[in-house]
Amino acid sequence: MARLEMHFNGTFAFKREEVSRILKAASEEKALDDTLESLMERTNLGNAKVGKIKSWAERGGLVKGKYLTPEGKLVCKLDPYLESNITCWIIHFYLSFGSKGLQKPPNIPDDWGGWPYFIYTFLPQYKVFTATDLLNCGSAIFEEKSDVISQRFSFILRAYTEPYALASCGFLTKQGDEYYAYNTNLENCYLVGYFLAKLWERDFGATTSVLTDDILNQKMGLAPVLGIDASTLQSCLNQMEILAIIEQRRAVSPAQIIRRWDDPMTLLEKAYANQ
């Protein structure tokens, strides 16, 4: 059986305002290379909390080790309080890969823990569900006790539905005891282009063209992480072609996509500029 790998946050839920304090500290001269006492003072986060909130920032792709990632630097510059929907989507994107980030994906998403399982295995099958449904399915996958699984999954559900977290993405909504998947709020094609570029880098390296089907059906790829189907993803690709992010060649089968970006970060900068 697989392991949850979701104990990184202790008992602390994801809160954008707290993560922003870690980013501010990481942007300063000392970065996060500091004593615990000093880091507590600089962030106003307690002894038990400061390391756990840093772990949220790391899982969310904004911090690596003691320093900001390129994404983290851009967020600090353009959205220091993590108020933008774009920032929420970036964090969701990186959280979806658990602790592994943009490594080559496993054969089964569950092997990377609870968060990848939720995004890439559970949600494609259950568009409407309860916390009990998620627990029952997860208990058949993960070796931890059911009360531990329930507690860990609760942090995922809260991350997507609490207003102080990532609710603005619309990835999940809650009505009563039921959760509804994929009422997404994402219309920024440059941001989708950034995600495409990062996943392209992961799976295809410096290759300039790939088969369209390889993008539409990419393992742990764009469609499930955005909460859309292949048809909607194709519409996104059409919009990205209009913006010259990609070129599509469909006159002769099989259809291909040609990349027109040089640096994914350029697309992310444009996403913020066009929000």
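Structure shown above.
A few points on the structure. (Residues numbered from 1 in each chain as written. Predicted model: local features only at pLDDT ≥ 70, side-chain atom pairs only at ≥ 80, totals over all residues. Heavy atoms only, no water.)

### Overview of the pattern of salt bridges
This structure, assessed with the given rule, holds 14 salt bridges. Two residues, Arg202 and Asp203, come together in a salt bridge whose shortest N-O distance is 2.8 Å. Connected via shared salt-bridge partners are Lys24, Glu28, Asp34 and Arg42. (Salt bridge = Lys/Arg side-chain N within 4 Å of Asp/Glu carboxyl O.)

### Points about the layout of surface pockets
Space inside the largest pocket adds up to approximately 410 Å³. Glu58, Gly61, Val63, Lys64 and Gly101 are the residues nearest the centre of the largest pocket, which is lined by 17 residues in total. Of all the elements in the fold, those that place two or more residues in the lining of the largest pocket are helix H3 (47-59), strand S1 (63-64) and helix H4 (70-78). With 3 residues, H3 is the largest single contributor of residues to the lining of the largest pocket. (1 Å grid on protein atoms, 1.4 Å probe; cavity = no way out; pocket = protein on both sides within 12 Å on 5 of 7 lines; lining within 4 Å. Points joined across faces, edges and corners; volume = space filled by probe spheres on them. Helix = DSSP H or I, 4+ residues; strand = E, 2+ residues; numbered from the N terminus.)

### With respect to empty space enclosed by the protein
The method is simple in principle: a probe with the dimensions of a water molecule rolls over the atoms, and the space it marks as empty is what remains. The tally for this structure, following the rule as stated, stands at 1 cavity of 30 Å³ or more. The computed volume of the largest cavity comes to approximately 30 Å³. Around the largest cavity sit Leu4, Glu5, Met6, Arg59, Gly98, Ser99, Trp112, Gly113, Gly114, Trp115 and Pro116, which together line it. At 3 residues, the largest contribution of residues to the lining of the largest cavity is made by helix H6 (residues 114-122). A per-class count over the lining of the largest cavity returns 5 nonpolar, 4 polar and 2 charged. (Nonpolar A, V, L, I, M, F, W, Y, C, P; charged D, E, K, R; others polar.)

### Thoughts on the nonpolar core
Among the nonpolar cores identified, the biggest contains 93 residues, and Leu23, Phe118, Leu123 and Leu191 are the most heavily contacted of them. Ranked by the residues each element gives to this core, the list is headed by helix H9 (residues 189-204), at 11 residues. Those residues in contact with Phe118 that sit more than four places away from it in its chain are Leu123, Phe129, Leu134, Ile156, Leu157, Tyr160 and Leu172. (Core = buried A, V, L, I, M, F, W, Y, C linked by side-chain atoms within 4.5 Å. Buried < 20%, exposed > 50% of the residue type's maximum accessible area, 1.4 Å probe, protein only. Contact = heavy atoms within 4.5 Å.)

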